[in-house]
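Given next are the chains, with one letter for each unit.
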Amino acid sequence: MPDSQPVTVLLIASNRALRETIPSALTACGYRVSRAKPGPEAGQGRPRDGHDVLLIDVAPSDGAGLEEVSRAREAGVEGCIIALASTSDGPSLVDCVRAGADDALALRDDPPLAARDLAAELDLLIARALERRRLTEENRALRAAIDDIDTLTALADLASSAAHDMNQPLTVMSGITELFLMDADPGDPNYEDMETLRRATERMCDIVGKLSAATKGYKQRAEGRAQGQALERAAAR
């Protein structure tokens, strides 16, 4: 059952009994249910996307239900798809999943499920499918974040290496200018140029030092986040 915002459900079925029973049963559980007829021409008039869950009747043995599932997936529908199959006729549950359904419910024909039992079964399947979809999206987001961290870590390594390589010649330049200025007369024509070089070298050394400290701090924070995430995943198991 939805906790806060109503979960939107689109029922795609030609079976009259399903079109009458399921909306009322799910509405009583707190879902917001719409109905649509199967078929590609019907889909043009009412978009399949924009709903949290699609319930698709796949009981017809002509395969039209499975085609409906496949069309929805090929159209890029992001909502969870639950196939409504028959225990006596039509495609198997495995066929439904292969066509693109997230889950499937085998509906008993004789005697049919009572409205309350049908609502309970669907409520469970919908909750399971939505949780699976949430975990998939969360995993996708985490993978993207890891890729970003890997890229930034590579850039930090490059910046750290560049700072290290620049630090050595800057140290030599700083030492040479200091020695020259210690021994040179202020009236020496090269004195002013060497003083300018010394100040520029000091500024570069300061910039390189800050860059080195920043990259070192980032790498330490990135390692800490990675260790924290690893501990969280281990604790969740």
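Before reading further, recall that the structure is shown in the block above.
A brief structural summary.

This paragraph deals with the overall build of the chain. Counting secondary structure elements, the chain contains 6 helices and 5 strands. Its helices and strands taken in sequence order, the chain reads β-α-β-α-β-α-β-α-β-α-α from the N to the C terminus. Looking at the chain as a whole, 32% of its 237 residues are labelled buried. A separation threshold of at least 6 residues defines the contact pool for the chain, and within that pool the share at least 24 residues apart is 63%. For the chain, the exposed surface amounts to about 14,700 Å²; the carbon and sulfur share of it is 54%.

Scanning the entire structure with this criterion turns up 11 salt bridges. D102 is the salt-bridge partner of R73, the closest N and O atoms lying 2.6 Å from each other. Here the residue R73 occupies a position in helix 3 (residues 64-74), and D102 occupies one in the loop between helix 4 (93-99) and strand 5 (103-107), the gap between them amounting to 29 residues. Judged by relative accessible area, R73 falls into the partly exposed class, the value being 24%. In this structure, R198 engages E195 in a salt bridge whose closest nitrogen and oxygen atoms are separated by 2.5 Å.

Residues M166, M204 and I207 make up a contiguous nonpolar surface patch of roughly 240 Å² in combined accessible area. Considering the arrangement of structural elements, one finds M166 in helix 5 (residues 115-183). Judged by its relative accessible area of 33%, M166 falls in the partly exposed class.

On to the pairing of strand 2 (residues 32-36), then. Here strand 1 (residues 8-12) runs beside strand 2; their pairing, made up of 5 bridges, is parallel. For L11, the partnering residue across the bridge sits in strand 2 and is R35. One crossover worth recording links strand 1 to the parallel strand 2 by way of helix 1 (residues 16-28), and it is right-handed.

In this section: the sheet that holds strand 5. The pairing of strands in a sheet happens through backbone hydrogen bonds and is either parallel or antiparallel. An order of 2-1-3-4-5 is seen for the 5 strands of this open sheet, with the pairing classed as parallel. Both edges of this open sheet fall to strand 2 and strand 5, since each of them pairs with a single strand only. Averaged over all pairs of adjacent strands, the angle between their axes in this sheet comes to 20°, without regard to strand direction. Relative to the sheet, helix 1 contacts strand 1, strand 2, strand 3 (53-57), strand 4 (80-86) and strand 5, its axis offset from that of strand 2 by approximately 165°. Most of the contacts of helix 3 go to strand 3, to which it runs at about 155°, and overall it touches strand 1, strand 3 and strand 4.

On to the nonpolar core, then. Nonpolar side chains in soluble globular proteins tend to be buried together. One finds V9, I22, L26, L55 and L84 to be the most contacted residues of the largest nonpolar core, which totals 24 residues. If you list the elements that add at least two residues to this core, you get strand 1, helix 1, strand 3, strand 4, strand 5 and helix 5. Among the nonpolar cores identified, the runner-up in size contains 17 residues, and I12, L66, V69 and A101 belong to it.

For helix 1, built from 13 residues, the straight-helix expectation of 18 Å at 1.5 Å per residue is met to within 8% by its first-to-last C-alpha distance of 19 Å. Where helix 1 is concerned, the buried positions are L18, R19, I22, P23, A25 and L26. Sitting at the head of helix 1, N15 places a side-chain oxygen 2.9 Å from the backbone nitrogen of A17.

Moving on, we come to the environment of T27. Here T27 is to be found in helix 1. A residue is classified by how much of its surface remains accessible, and T27, at 47% relative accessible area, is partly exposed. The spatial distance from the C-alpha of T27 to the C-alpha of T8 is 10.0 Å, given a sequence separation of 19 residues. Here the side chain of T27 touches P23 through a polar contact of 2.6 Å, landing on its backbone oxygen.

Of all the residues in helix 3, the buried ones are G65, L66, E68, V69 and A72. When helix 3 is viewed along its axis, its buried side chains cluster within an angular range of 155° and face the same direction. Check the buried side of helix 3 and you find it contacts strand 1, strand 3, strand 4 and helix 4. Of the residues trailing helix 3, G76 is marked for its positive phi of about 85°.

The rules behind each value
Residues numbered from 1 in each chain as written. Predicted model: local features only at pLDDT ≥ 70, side-chain atom pairs only at ≥ 80, totals over all residues. Heavy atoms only, no water. Helix = DSSP H or I, 4+ residues; strand = E, 2+ residues; numbered from the N terminus. Buried < 20%, exposed > 50% of the residue type's maximum accessible area, 1.4 Å probe, protein only. Contact = heavy atoms within 4.5 Å. Areas by Shrake-Rupley, 256 points an atom, 1.4 Å probe, with all protein chains shown as cover. Salt bridge = Lys/Arg side-chain N within 4 Å of Asp/Glu carboxyl O. Patch = residues over 30% accessible without salt bridge, like charges linked within 9 Å, V, L, I, M, F, W, Y side chains within 5 Å. Pairing = 2+ DSSP bridges. Right-handed = clockwise from strand over helix to strand, strands pointing away. Axes fitted to C-alpha atoms, helices over the stretch in contact; angles between N-to-C directions. Core = buried A, V, L, I, M, F, W, Y, C linked by side-chain atoms within 4.5 Å. Expected span 1.5 Å × (residues − 1). Polar contact = N/O pair within 3.5 Å; in protein donor to acceptor, adjacent residues only side chain to side chain. Arc of directions from axis to C-beta.

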